[in-house]
Amino acid sequence: DGADLIERLTTRCARYAEEIAVAQERTRWVPVEERLPEYDARVLAFDMRAKNKYIGIWTREKDPDDGNDCWFDSAGWWYAFDEITHWMPLPEPPKEER
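Reading the values: the criteria
- Residues numbered from 1 in each chain as written.
- Predicted model: local features only at pLDDT ≥ 70, side-chain atom pairs only at ≥ 80, totals over all residues.
- Heavy atoms only, no water.
- Helix = DSSP H or I, 4+ residues; strand = E, 2+ residues; numbered from the N terminus.
- Buried < 20%, exposed > 50% of the residue type's maximum accessible area, 1.4 Å probe, protein only.
- Contact = heavy atoms within 4.5 Å.
- Areas by Shrake-Rupley, 256 points an atom, 1.4 Å probe, with all protein chains shown as cover.
- Core = buried A, V, L, I, M, F, W, Y, C linked by side-chain atoms within 4.5 Å.
- pLDDT = per-residue confidence, 0-100.

## Concerning the overall build of the protein chain
Along its length, the protein chain carries 1 helix and 6 strands. Secondary structure of the protein chain in N-to-C order comes out as α-β-β-β-β-β-β. Among the 98 residues that make up the protein chain, the fraction classed as buried is 26%. For the protein chain, contacts bridging at least 24 residues in sequence account for 45% of all contacts bridging at least 6. Of the roughly 7600 Å² of accessible surface on the protein chain, a fraction of 55% belongs to carbon and sulfur atoms.

The following block contains the structure:
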């Protein structure tokens, strides 16, 4: 009946709202003041101060020479830790189709 349909649709909408909130969190730029990525996690990194310069895929690592945090790219270039203003997790890779 009508009440059951409304209840099912309300439950479905709540589930969709939850899925949207999770997706939005995974695709937002995180300020480094708010939270840092895990060590060795590959992330997109951004330097807002360098004229909105998008700087690609980086990892947060410890500098082997002095133990300080720094950012390394896949080519081995590094940035001082305070040169990155925002980061974002990488999206999941595509699923293999068979």
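## Observations concerning the nonpolar core
In terms of nonpolar packing, the biggest core is built from 8 residues, these being Val30, Val32, Val43, Ala45, Trp58, Trp71, Ile84 and Trp87. Dropping the residues within four chain positions of it, Val32 is found in contact with Trp71, Ile84, Thr85, His86 and Trp87.

## Side note on the environment of Glu61
Note that Glu61 resides in strand β3 (residues 53-62). A relative accessible area of 25% means that Glu61 is categorised as partly exposed. Separated by 20 residues in sequence, Glu61 and Ala41 have C-alpha atoms that sit 8.8 Å apart.

## Examining the confidence of the model for the protein chain
Averaged over every residue, the pLDDT of the protein chain is 80; the share at 70 or more is 85%. Confidence, read as mean pLDDT per element, is least for strand β5 (residues 78-80) in the protein chain (67) and greatest for strand β1 (residues 30-31) (92).

## What to know about the side chain of Thr85
Tracing the backbone through its elements, the reader meets Thr85 in the loop between β5 and β6 (86-89). If near-sequence neighbours (up to four positions away) are discounted, Thr85 is found in contact with Val30, Pro31, Val32, Glu33, Phe46, Asp47, Met48 and Arg49.

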